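Tertiary structure, described
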Amino acid sequence: MKTEPLVLGIETSCDETGVGIVRGHTLLADAVASSVDEHARFGGVVPEVASRAHLEAMVPTVQRALDTAGVTLADVDAIAVTAGPGLAGALLVGVAAAKAYALAADKPLYGVNHLAAHVAVDTLEHGPLPEPAIALLVSGGHSSLLRVDDLAGEVEPLGSTIDDAAGEAFDKVARLLGLPFPGGPPIDREARAGDPAAISFPRGLTGPRDLERHRFDFSFSGLKTAVARWVEARQRAGEPVPVADVAASFQEAVCDVLAAKAVDACRTHGVETLVIGGGVAANSRLRAVAEERAAKYGITVRVPRPKLCTDNGAMVAALGSHLVAADARPSALDLPADSAMPLTVVTV
Ligand code: KG4
Ligand code: ZN
């Protein structure tokens with residue numbers, strides 16, 4: 001009997017050096033070394049700092065993943081690596097390392113799309129993804145709705161943000177409220193003690209005219225500005241800023257729009273599975289709102305556990321394993337890192 005493929009995945013598109021090992025849909029190791037603390041004082045990821053940190057963390061993180069999984073490089077059937085999109089210098093470190101491992105151990109190499117990997121990671125938790133599925137992809141750099149007919153090949157973008165990404169909005173609003181970077185987790189935490197209906201913040205691109213042209217697109221920059229104005233007005237008046245209420249009301253506005261548009265996409269396309277991926281999918285309120293809305297229409301929501309939502313190597317290994325099982329053609333050993341890799345390209 002043919003055993004399921006053992007795949008090692010490498011992720012370095014932003015500030016996490018991730019190395020994951022999976023066998024089929026089973027997660028064996030998920031080693032992550034983050035340089036987030038080195039960026040915190042700048043309020044955002046500094047590309048050069050991230051690249052250097054990847055370089056230092058790469059070999060020990062690969063070793064840690066192999067040790068955890070109890071396998072050697074020789075046992076691995078294929079190596080997958082994030083080829084894009086992401087920070088150019090950061091991607092290069094992962095791609096160069098993956099090429100070196102693939103060449104040294106004589107293994108096929110798959111350069112994969114980071115965003116498709118955020119979708120594929122759910123298979124490690126919930127098994128094969130029913131196709132077609134609608135994917136809501138919400139990270140620090142992207143916010144998109146996709147129709148996934150074949151995770152190994154066909155993804156159709158339905159809409160995306162026309163300005164800030166959802167994660168970016170969380171990060172900017174957190175900064176405004178004096179909360180640490182990255183802003184998603186502290187806002188999520190603060191919001192639990194706040195009233196989501198305390199302040200009525202705008203829901204971008206949800207008016208009737210907007211829906212005609214931007215039905216499945218998002219906009220979060222107006223919301224971010226509205227929060228800034230509201231906070232500034234309180235500060236000018238010398239009144240304290242109710243951080244928990246602002247966090248909860250802001251978070252509610254984001255989750256409301258994301259869930260509404262994702263469920264609308266499922267209904268419009270007659271699709272019964274919604275999968276949510278990317279760092280913002282770790283948000284506790286987004287999970288709850290999406291599940292509540294989707295349940296009304298018999299739509300199943302699949303969201304991986306929070307640790308698999310934020311960047312990691314397991315997601316890359318999961319997509320690699322899917323590609324191996326689908327007999328996809330491996331990438332050439334001179335594959336480039338593509339910082340602007342389009343959403344529609346799953347593997348290069
Ligand atoms: O997918 P990811 O780890 O990296 C990118 O590919 O961008 O996403 C990072 C983003 C950050 O903006 C972070 O604030 C956000 O995900 N994030 C969250 C939560 N955890 C991480 N946003 C909302 N709620 C969370 N619990
Ligand atoms: Zn990501």
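Residues numbered from 1 in each chain as written. Chains lettered and ligands numbered in written order. Predicted model: local features only at pLDDT ≥ 70, side-chain atom pairs only at ≥ 80, totals over all residues. Heavy atoms only, no water.

Digging into the overall build of the protein chain
What counts is decided by this rule: The way it works is that DSSP assigns letters per residue, a run of H or I at least four long becomes a helix, a run of E at least two long becomes a strand, and they are numbered from the N terminus. The globule rule used for comparison is 2.2 Å times the number of residues to the exponent 0.38, while the radius of gyration itself is calculated over C-alpha atoms. Exposure is judged per residue with a 1.4 Å probe applied to protein chains only, and the accessible area is read against the type maximum: over 50% gives exposed, under 20% gives buried, and values in between give partly exposed. Note on contacts: a residue pair is in contact if any heavy atoms of the two residues lie within 4.5 Å. In these tables, accessible area is a Shrake-Rupley quantity obtained with a 1.4 Å probe, and a residue counts as shielded only by the protein chains included in the view.
Each helix and strand counted, the protein chain has 13 helices and ten strands in total. For a compact globule of 348 residues, the expected C-alpha radius of gyration is about 20 Å, and the protein chain comes in at 20 Å, within 12% of that figure. With respect to the three principal axes, the spread of C-alpha positions in the protein chain is 65 × 45 × 30 Å. Split into buried and exposed, the 348 residues of the protein chain put 53% on the buried side. Here the contacts in the protein chain between residues at least 6 apart in sequence split such that 74% fall between residues at least 24 apart. A total of about 14400 Å² of accessible surface is found on the protein chain, and carbon and sulfur atoms cover 52% of it.

Re the UniProt feature "domain: Gcp-like" (unreviewed entry) in the protein chain
Here is the rule: UniProt positions are given in the numbering used here, feature names are shortened, and annotations may be inferred rather than shown by experiment.
According to UniProt, the "domain: Gcp-like" (unreviewed entry) feature falls on residues 27–317. For residues 27–317, the helix share is 50%, the strand share is 17%, and the end-to-end C-alpha distance is 9 Å.

Quick word on the site of ligand 1
Threshold: The criterion for a residue being near a molecule or strand is simple. One of its heavy atoms has to lie within 4 Å of it. Whenever a nitrogen or oxygen atom comes within 3.5 Å of another N or O atom, the pair is scored as a polar contact, on the condition that within protein one atom can donate a hydrogen and the other can accept it, and that pairs from neighbouring residues in sequence are kept only if both atoms are in side chains. Grid spacing is 1 Å over the protein atoms alone, the probe is 1.4 Å, and a cavity is where that probe fits but cannot get out, while a pocket is an open set with protein on both sides within 12 Å along at least five of seven lines and lining residues have an atom within 4 Å of a point. Occupancy of a cavity or pocket is assigned to a molecule whenever over half of its atoms lie within 2 Å of that pocket's grid points. Three classes are used: nonpolar for Ala, Val, Leu, Ile, Met, Phe, Trp, Tyr, Cys and Pro, charged for Asp, Glu, Lys and Arg, and polar for all others, with Gly counted as polar.
Not every one of the 20 residues close to ligand 1 is listed here, only the nearest: Gly 140, Asp 171, Gly 184, Asp 188 and Gly 279. Between Gly 184 and ligand 1, the recorded distance is 3.0 Å, taken from a backbone N or O atom to an oxygen atom. At a separation of 3.0 Å, an oxygen atom of ligand 1 approaches a polar backbone atom of Gly 279. Burial of ligand 1 by the surrounding chains reaches 89%, relative to a free accessible area of 560 Å². Placement of ligand 1 is best described as lying within the largest pocket. Those elements that provide at least two residues to the shell around ligand 1 are helix H4 (114–120), helix H6 (166–176) and helix H7 (184–191). Split by residue class, the shell around ligand 1 holds five nonpolar, twelve polar and three charged.

Some points on the side chain of Asn 113
You can see Asn 113 is positioned in strand S5 (residues 109–113). Accessibility expressed as a relative area gives 0% for Asn 113, which makes it buried. Beyond its immediate chain neighbours, meaning those up to four positions away, Asn 113 contacts Gly 84, Pro 85, Leu 319, Met 341, Pro 342, Leu 343, Val 345 and Val 346.

Some details on the layout of surface pockets
We apply this condition: Grid points are joined across faces, edges and corners, and a volume is the space filled by probe spheres set on the points.
Looking at the largest pocket, its volume works out to about 1100 Å³. Along the walls of the largest pocket sit 43 residues, with Ser 139, Gly 140, Gly 167, Asp 171 and Pro 182 positioned nearest its centre. Sorting the residues of the lining of the largest pocket by element identifies helix H1 (36–40), H4, H6 and H7 as the ones contributing at least two each. The element that contributes the greatest number of residues to the lining of the largest pocket is H6, accounting for seven residues. A breakdown of the residues in the lining of the largest pocket according to their chemical character gives 17 nonpolar, 16 polar and ten charged.

Brief notes about the side chain of Ser 143
Take Ser 143: it is sitting in strand S7 (residues 143–150). From its side chain, Ser 143 meets the backbone nitrogen of Ala 166 in a polar contact 2.7 Å long. Setting aside residues up to four positions removed in sequence, Ser 143 forms contacts with Leu 137, Val 138, Gly 159, Ser 160, Thr 161, Ala 165, Ala 166, Phe 218 and Phe 220.

Quick word on the sheet that holds S7
The criterion, for reference: Between any two strands, pairing holds if DSSP finds at least two bridges. Only the stretch in contact is used when a helix axis is fitted, and all axes are lines through C-alpha atoms; the angle between N-to-C directions ranges over 0 to 180 degrees.
Across the sheet, which stays open at both edges, the five strands sit in the order S8-S7-S6-S9-S10 with mixed pairing between neighbours. Every interior strand has two partners, whereas the edge strands, strand S8 (154–160) and strand S10 (300–302), have only one. When the angles between neighbouring strand axes are averaged without regard to direction, this sheet yields 25°. One ladder, built from four bridges, connects strand S6 (residues 133–138) with strand S9 (residues 273–277); its direction is parallel.

Observations regarding the coordination of the zinc ion (ligand 2)
As a reminder, the rule being used: Think of the donor list as every N, O and S atom within 2.8 Å of the metal, or within 3.2 Å for Na, K and Ca; water never makes the list, so a site can look incomplete.
Coordination sphere of the zinc ion (ligand 2), protein contribution only: His 114 (NE2), His 118 (NE2) and Asp 311 (OD), at 2.0 to 2.1 Å. Here the donor residues of the zinc ion (ligand 2) share one chain and are spaced in sequence as H-x3-H-x192-D. Pair noted here: His 114 is in helix H4 and Asp 311 is in the loop between helix H12 (306–309) and helix H13 (314–325), with a separation of 197 residues, a long-range link. Judged on exposure class, the residue His 114 and its partner Asp 311 are both buried.

Structural notes on the UniProt feature "binding site: Fe cation" (unreviewed entry) in the protein chain
Taking the UniProt record as the reference, the feature "binding site: Fe cation" (unreviewed entry) is found at His 114, His 118 and Asp 311. In summary, the annotated positions, though distributed over 198 residues, converge in three dimensions, the widest C-alpha pair being only 8.8 Å. Within the annotated group, the residues that form the lining of the largest pocket are His 114, His 118 and Asp 311. Residue classification places His 114 among the buried residues on the basis of a relative accessible area of 5%. Setting aside its immediate chain neighbours within four residues, His 114 contacts Glu 11, Ser 13, Thr 82, Gly 84, Pro 85, Asp 311 and Met 315.

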